[in-house]
Each structure stands twice: as C-alpha cells, then as structure tokens.
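# Descriptive analysis of the structure
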Amino acid sequence: MPRATTDHHPATVRGPRRPPRTPARWPSGRLIPRDQDEVVVALNDRRVKLTHLKKPFWPALGITKGDLIRYYVDVAPVLLPHLRDRAMVMRRYPDGAGGKSFFMKRAPTPRPDWIATCAIEHASGNVIDFPMIQDLASLLWVVNLGCIDLNQWYARCDDVDRPDYLHFDLDPTQGATFAQVRETALVLHATLTDLGLPSYPKTTGSRGIHVYVPIVRGPTQKEVWTAARTISVALARHHPALITAEYSMARRPRARVLVDYNQNAWGRTLASVYSVRPTPRAAASTPVTWPEVERGIAIDDFRIDNVPARVRQRGDLWAPLLAKRGRVDLGRFG
C-alpha cells in the first residue's frame, strides 16, 4: 500500500543536500560567449555543458538560446532564493518560444551527479524525482534543456504539503482588458489589506498579474486553497461586473477578470518570479510595486532585455516573500 494519501505526500531530497557557497561576486551574462555555439562553463567544481547557443529562440527579435541563458545568469542572485529547495516542473521548448513545448516532471537521465532532486510519493504510490534548482550550475543545466520559464512548487521539499504562500492568479477572460486586470489587482490588494494580509504583485509575463501573500508554514495546501477560494468568491460576489471566480469555462462570463484560486491546489505551479515567458516580446514575470500598478503598467514593459537593469536598480522587490518576519498566520482566520 502506498504511504501517500491525498493530504500527505512523503518527499525526500536526493543528491547534494547543500548547494555550493554563494560566491562573493556573481558572474554576469558575459560568462557565456557570443561567438560559440557550444561551451562548457566551470562553476566551482561543477561543469555545465551548454549547447545550441546560437539557436534563434525569438527569431523576430534576434534573441537566441544563448541570450536566454545570459539573462538567467544576470538575474540569478535574486532568482535562486525563490527556487531553492523546491521541486521544479519543467516545460521544455526545444525549438524556441514559437515552437511546440512539453511538460516534464522527472529529472532526465543521464544527468550530473550534482543535480539534487525532490522525490515525491503520490497517492497512487508513484514516486517522481523532480529536479531542484539549488545554484547557478543547476539553473543553467535546466535552462539549457530548453526551459524558457521556470515553474517551482509552492512548498519546499522537506514538507511538500505545506506551502509558504497563498496566491491569486488574475487572468482576463475573453473580452477583458489588462486595465481590468490592474483594477482587479487593486481591489484584491485593498481587500487583503483590510484583512491584515500583506500582498506582493508581479506581472505574469503573459496576460495577467499574480498576487502573493507570504504565510507562516503550517496549513496544508488544501487549507490554503480553501482560504484563497473564500476570498476569491467574496470578491466576485461584491464586484460581479468586474470579477469572476467561476472555474468552469462553460459558465464563466466574458469581459471579466478571473481570480483563479484553483492554482493553489496541490501539485500545481505558476511561472516563477523573473521567469521569461514564450511571448512575442519575450516578457518576463516581474515584481512590481502597488504604486506602479496604480499608475499603470503593461505586460511588455518588463522584458528579457530590460529586467536585469531594473533588478540592479531596484533590487529584489519580492524579498519579503523570503523573509521570516512579516508572514501571516492563517490559523488566526480559522
């Protein structure tokens, strides 16, 4: 009989348990040469073979696979803390942003022995070895597989049933505008503030806005889902001309913004912060401030070519999602 149930999933870290020490000075994207199609990069005692660097990933923009890897090197200092110790669902685009993609959960073999995995037992008894991105070397290895965006679990591998945040995925339905998405985000922000919940927005890089709330780890993923559903349904009830929480596409009204609480379900993922998305402008999922949302932003304001400079100027606006202080105990709402 499997040990896992629908509410309990044993998980084990396999491979290196600790990433190498953070370097005093991070490398930049210049680490990846522009005049070579294949290169082996040495990072401490780890060597990463990068291939097809000149392959066009956004042909109309002149952006290559090598450019994508350079971007991730540049944002790695702020990105990696959001990924460490979490199972990763890979979505691979072997022919670039305009080509077909496929999801991959199991870490492929052969792979370097320094790639750590999170082995999660599912209710079926099936155990899946998900890769984990613990350091720059493992980040480059995953992106070299053709992963444009990165999709990490909400809970860390030492307890995959208890996430570190709840979130809301604001997605325009057919006929809705991004201005409506921004309006919905501000309504949600006001509601969360009234409830005493700090919230942090980021563009999805695709069509909407993600809003995250850092929580004290303790509630199960199902309990976090329930809290997100309660808030989402209440928002839709109070703002029916703007917001819907209807998950069924057949019953979902047009020209509304879906507050998608279902992405809080166990095993689901969203594109991580700083993920590049396979969109025509190579937009990136980028942390923004609430004043920026109020003033007006657009998805394509934040792209592979300008997000590294923004990070150098503003730092990690999502650092509070990593902090021990300032987290909400959802138990007080029970």
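To keep things clear, this report deals only with the structure shown in the data block. In this text the structure is predicted, and so the values were computed from the model without any measurement.

Turning to the side chain of Glu121, a few remarks are in order. Of note, Glu121 is situated in strand S8 (residues 117-121). At a separation of 2.9 Å, a polar atom in the side chain of Glu121 contacts the main-chain amide nitrogen of Arg3. A distance of 3.4 Å separates the side chain of Glu121 from the backbone nitrogen of Ala4, its partner in a polar contact.

Once that is clear, we can look at the sheet that holds strand S10 (residues 151-152). The strand order across the open sheet built from three strands is S7-S6-S10, with neighbouring strands paired in antiparallel fashion. Among the strands making up the open sheet, the edge pair consists of strand S7 (102-104) and S10. The pairing of strand S6 (residues 88-92) with S10 spans two bridges and is classified as antiparallel. Of the residues in S10, the one forming a bridge with Met88 is Gln152.

Before going further, it helps to spend a moment on the packing of helix H1 (residues 65-83) against helix H6 (residues 307-314). Packing of H1 against H6 leaves a shortest axis separation of 9 Å and a crossing angle of 25°. Taken together, the axes of H1 and H6 are roughly parallel relative to one another. When the axes of H1 and H6 are compared, the crossing they make is left-handed. Mapping the contact onto sequence places Tyr71, Asp74, Val75 and Val78 in H1 and Val307, Pro308 and Val311 in H6. When its residues are assigned to classes, the contact of H1 with H6 shows six nonpolar, no polar and one charged.

With respect to the helices and strands, the residue Phe302 is situated in the loop between helix H5 (290-295) and H6. Between the C-alpha atom of Phe302 and that of Ala284, which follows or precedes it by 18 residues, the distance is 5.8 Å. Discounting chain neighbours no more than four positions away, the residues touching Phe302 are Thr203, Ala283, Ala284, Thr286, Val288, Ile297, Val307 and Arg310.

Burial along strand S3 (residues 46-50) is one-sided: the residues Arg46, Val48 and Leu50 are buried and none of Arg47 and Lys49 is. Where strand S2 (residues 39-43) lies against S3, five bridges are found, and the strand directions are antiparallel. Bridge pairing links Val40 to Lys49 in S3.

The rules we used
- Residues numbered from 1 in each chain as written.
- Predicted model: local features only at pLDDT ≥ 70, side-chain atom pairs only at ≥ 80, totals over all residues.
- Heavy atoms only, no water.
- Helix = DSSP H or I, 4+ residues; strand = E, 2+ residues; numbered from the N terminus.
- Polar contact = N/O pair within 3.5 Å; in protein donor to acceptor, adjacent residues only side chain to side chain.
- Pairing = 2+ DSSP bridges.
- Axes fitted to C-alpha atoms, helices over the stretch in contact; angles between N-to-C directions.
- Parallel < 35°, antiparallel > 145°, perpendicular 65-115°, else oblique.
- Left-handed = near helix turned anticlockwise from the far one by under 90°.
- Contact = heavy atoms within 4.5 Å.
- Nonpolar A, V, L, I, M, F, W, Y, C, P; charged D, E, K, R; others polar.
- Buried < 20%, exposed > 50% of the residue type's maximum accessible area, 1.4 Å probe, protein only.

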